[in-house]
Amino acid sequence: MTSASRIPRRSMLGMGAAAATAGAGLLAAPAAPAAPPGRTLALAADTTSILRNPLTGWVLYGTGSPSADYWTTYDALEIEGRDEPVRVADHAQTLYMRLSWTVLNPEEGVYGWDVHEGLRSMIQGARERDLRLAFRVVVDSRDKSSDFTPAWVRAAGAEGYETQTGSRTVWTPYPDDPVFRSSYETFLEAFAARFDEPDEVAFIDAYGLGKWGEGHSMRYLDPANRADVFHWNIDLYHRLFDHVPLAINYHRMIGAAGDWGPADPDSRGLLEYAFEKGCMLRHDAFGMSVYYGQWERDLAAEWIGRRPIVFEGGWVTKQHDFSVDPRGYETVEDVRRGEYEDAVEAHVNMLDFRMGETESWFRDVPDLVADFESQGGYRLQLEQVVLPPAERTGSCTIRHRWTNLGWGMFPNDLPQWGHRYRVAFALLDAADHRVLRTYVDGEAEPSDWLRGDHADHDLAVTLEPGAGERRVWAVAIVDTTKDGAPAIAIASQGEVTDDGWLLLTGN
C-alpha cells in the first residue's frame, strides 16, 4: 500500500532557492495510517554531502582536443580570494563533451575512441575521477574552422553546401540526403555499441544537427523534409540507446531554418514528440533573458516533474557583452545569479561548469555552488521507518516514508532506466555486514517523489529464522538489473557499509 501527499507539480515554479527551502520546511506531513508494530526510527536529513548519483549535480565541460594541462588545471583550480585551490571533480559528477563527427569517426570504420589521443585522454581522465560522460555529436561545420562531418562522407556522394568561417571554407551535409543518413546511421550504431553504458555515460544529446548542434538554422535539400528528418533522428537514437538517457535542446526553432524570432509554430509538436518518447529537456541559453524567454519557460513548466531538465548557461562572459541582457547585468556575478534564478525556476537536475566560466562560480557565487549541492537535482531522503525486530520470524510489515529534498526529479521512469531502481531493505550480519536476506519494494516508485511530497509505503515481508547470526536492518535504493546492488546514495544521515547499505541502527 502506498499513500502520498503532494503539492501540484507546477506550484513550485518560480520560487527562489531560499523560498523553495522554506516552503518545503513548512509543509505539513500527511496523516499516515496506523503504524505497524515495531521500532520507529526517524532519520535526519543529509543536506551537505555531495551524492554522486546519475543525472544530477554539476557538469564539467571537456573537449576532444584538450590542452596538456586540462586535468591538472581542474584538479587544482586557483580561485582568487581562496587560500586553497578547488578540485573540480570533487563537485562535478559528469564530463560533457561536444564533439565533431570527424573526431569521432575520422575514416570509415575508424573511431576516435580508439585512435584519437585527445579524446582517449579525456575519457581516461573522467574514469580516474569518477565522472560519468555525456556527449553531443555535431555534424554542422558552420562557424567552425574545420569540417565537422568527416571527408569520407562527402567522398561517398553526400550532398551538402559550403560556408566561410573567416578565411576557411567548410562543408556541411544536408540532413535529408540519403548518403548522409546511411553514413550517420552506421556511425551511430558503432557509437551506441561503445557508449550505451549507463555506468560510464550519464546522457547523450539526441539531436546534434543544425548550427552548433543546437537544432536550429537548418538547411535541407527540401525544406518539406523537416519533420521527417526530426522523427528519423529521434527514432534512431532511441532505437540505439537502450540504457543511456537522451536529451534534446528545447529550442523554439527546432529543425527550422531560422535561428531566432517568434517561436516556429511546429517546434512545440516536434519537441513534444521527443519528450513523449523519453527525451530529457536541456537548453543552451539559461540566463540569456531574450533567448531563454517566456516560450521556453512555459514549455519547461509543463514538463517539470515529468522529465529531467538540464541546464547550460548562455553567456560566455569573457567574449559576450552581457550588459545588453534585459536583466541589466553589470558583473559576472550578476550573470551567474541570473542563470541560477532560471535554474531554480526550471527545477533543473544538472548545472554546468563550462570552460572559462567554472572559476567564476567558485570566486563570485560560492554560496550558489553550495546551495545547488544541498538542494539542487534530486536528494532522496528516508525520513522515517517502522521496522520489525531483526530477530523476529513470520509475516510482518515495514513502513517507510520518503521525501525528495531537491527540486529536481529522480527519473526512474525514463525508458532507458525502465524503473530499474527500487527501495530495498536487507537483514545484514551485525558483525561483518554480510547481506543475509533482501526485501525489495516493487510498489514504491522513486520517480514519483517530488519536492514537498511525503510518501508512505508499506512492504509486507516474511522473516525466516536465522542461523545464529545477530542481525541488523539496512536500507538502499538498489539496481534490480545488478542483482539488487545498492546504486543510489540516500540523503539520510547514518553509517553506510562498504557495499552501500545505510544501517538502520539509530534510536
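Owing to the predicted nature of the structure, the values given are computational and were not obtained by experimental measurement.

(A) Molecular detail of the overall build of the protein chain. Looking only at helices and strands, the protein chain features 13 helices and 20 strands. Taking 2.2 N^0.38 as the reference for a compact globule, 507 residues should give roughly 23 Å; the C-alpha atoms of the protein chain span a radius of gyration of 24 Å, in line with that estimate. For the protein chain, the spread of C-alpha atoms along the principal axes amounts to about 75 × 50 × 45 Å. Counting only residues that meet the buried cut, the protein chain has 57% of its 507 residues in that class. Sequence separation of at least 24 residues holds for 76% of the intrachain contacts in the protein chain that already meet a minimum separation of 6. By element, 48% of the accessible surface of the protein chain is carried by carbon and sulfur atoms, the whole surface being about 20,000 Å². Averaging the locations of the 48 positively and 78 negatively charged side chains of the protein chain gives two centres separated by 3 Å.

(B) Representation of the pattern of salt bridges. Scanning the entire structure with this criterion turns up 44 salt bridges. Across the pair R268 and E302 runs a salt bridge, and its minimum N-O distance is 3.1 Å. In this pair, R268 is assigned in helix α9 (residues 267-277) and E302 in helix α10 (residues 294-303), connecting sequence segments 34 residues apart. Among the residues examined, R268 registers a relative accessible area of 24% and is labelled partly exposed. Salt bridges sharing common partners tie together R98, R136, D205, R282, D284 and E312.

(C) Representation of the packing of aromatic side chains. In this structure the tally under the stated criterion is 40 aromatic pairs. Measuring from ring centre to ring centre gives 4.9 Å for Y70 and Y74, while their planes differ by 55°; the resulting arrangement is tilted. Of this pair, Y70 and Y74 both sit in helix α2 (residues 70-75), separated by four residues, roughly a single helical turn. For the pair Y70 and Y74, a shared accessibility class is recorded, and that class is buried. The side chain of R181 reaches across the aromatic face of W232, ending 4.7 Å from its centre. Seen from the ring of W303, R306 lies directly overhead, with NZ or CZ sitting 3.7 Å from the centre.

(D) Spatial organisation of the pairing of strand β16 (residues 435-441). Of the strand pairs in this sheet, strand β15 (residues 421-429) and β16 are connected by six bridges, and their pairing is antiparallel. In the strand pairing of β16, F425 is matched with Y439. Counting the residues in the hairpin turn of β15 and β16 gives five residues, including H433, whose phi is positive at 60°.

(E) Spotlight on the confidence of the model for the protein chain. Model confidence for the protein chain is summarised by a mean pLDDT of 93, while 92% of its residues fall at 70 or above. Of the regions scoring below 50 in pLDDT, residues 1-30 engages in 59 contacts with residues more than four places distant in sequence or in other chains.

(F) Structural context of α10. Within α10, seven of the 10 residues are buried, which leaves it mostly tucked inside the rest of the structure. Where α10 terminates, the next one or two residues include G305, which has phi positive at roughly 85°.

(G) Quick peek at unusual backbone geometry. At D130, a position not held by glycine, the phi torsion is positive, near 60°. Checked against the element boundaries, D130 lands in the loop between α5 (117-128) and β5 (132-138). Residue classification places D130 among the exposed positions, given a relative accessible area of 53%. The residue D483 is not glycine, and still its phi comes out positive at about 55°. Within the fold, D483 resides in the loop between β18 (471-479) and β19 (485-488). By relative accessible area, D483 is classed as exposed at 81%.

(H) Spatial organisation of the nonpolar core. Judged by nonpolar contacts, the single largest core of 88 residues is most densely connected at Y184 and F191. No other element matches the eight residues that helix α7 (residues 178-195) contributes to this core. Every residue in contact with Y184, bar those within four places of it in the chain, is listed here: W101, V137, V139, W232, N233, L236 and Y237. If you look at the next biggest cluster of nonpolar residues, it comprises 43 residues, including Y96, V310, A390 and L427.

(I) Here's a closer look at α7. When the terminal C-alpha atoms of α7 are compared, their 25 Å separation across 18 residues agrees well with the 26 Å that a helix rising 1.5 Å per residue should span. Buried within α7 are the following residues: F180, R181, S183, Y184, F187, L188, A190, F191, A192 and F195. Of the residues flanking the start of α7, the one acting as N-cap is D177, its side-chain oxygen 2.9 Å from the backbone nitrogen of V179.

Basis of the calculations
- Residues numbered from 1 in each chain as written.
- Predicted model: local features only at pLDDT ≥ 70, side-chain atom pairs only at ≥ 80, totals over all residues.
- Heavy atoms only, no water.
- Helix = DSSP H or I, 4+ residues; strand = E, 2+ residues; numbered from the N terminus.
- Rg over C-alpha atoms; globule rule 2.2 N^0.38 Å.
- Buried < 20%, exposed > 50% of the residue type's maximum accessible area, 1.4 Å probe, protein only.
- Contact = heavy atoms within 4.5 Å.
- Areas by Shrake-Rupley, 256 points an atom, 1.4 Å probe, with all protein chains shown as cover.
- Lys, Arg positive; Asp, Glu negative; His and termini not counted.
- Charge placed at Lys NZ, Arg CZ, Asp CG, Glu CD.
- Salt bridge = Lys/Arg side-chain N within 4 Å of Asp/Glu carboxyl O.
- Phe/Tyr/Trp six-rings, centres within 6.5 Å; stacked < 30°, edge-to-face > 60°.
- Lys NZ or Arg CZ within 6 Å of the ring centre and 35° of its normal.
- Pairing = 2+ DSSP bridges.
- pLDDT = per-residue confidence, 0-100.
- Core = buried A, V, L, I, M, F, W, Y, C linked by side-chain atoms within 4.5 Å.
- Expected span 1.5 Å × (residues − 1).
- Polar contact = N/O pair within 3.5 Å; in protein donor to acceptor, adjacent residues only side chain to side chain.

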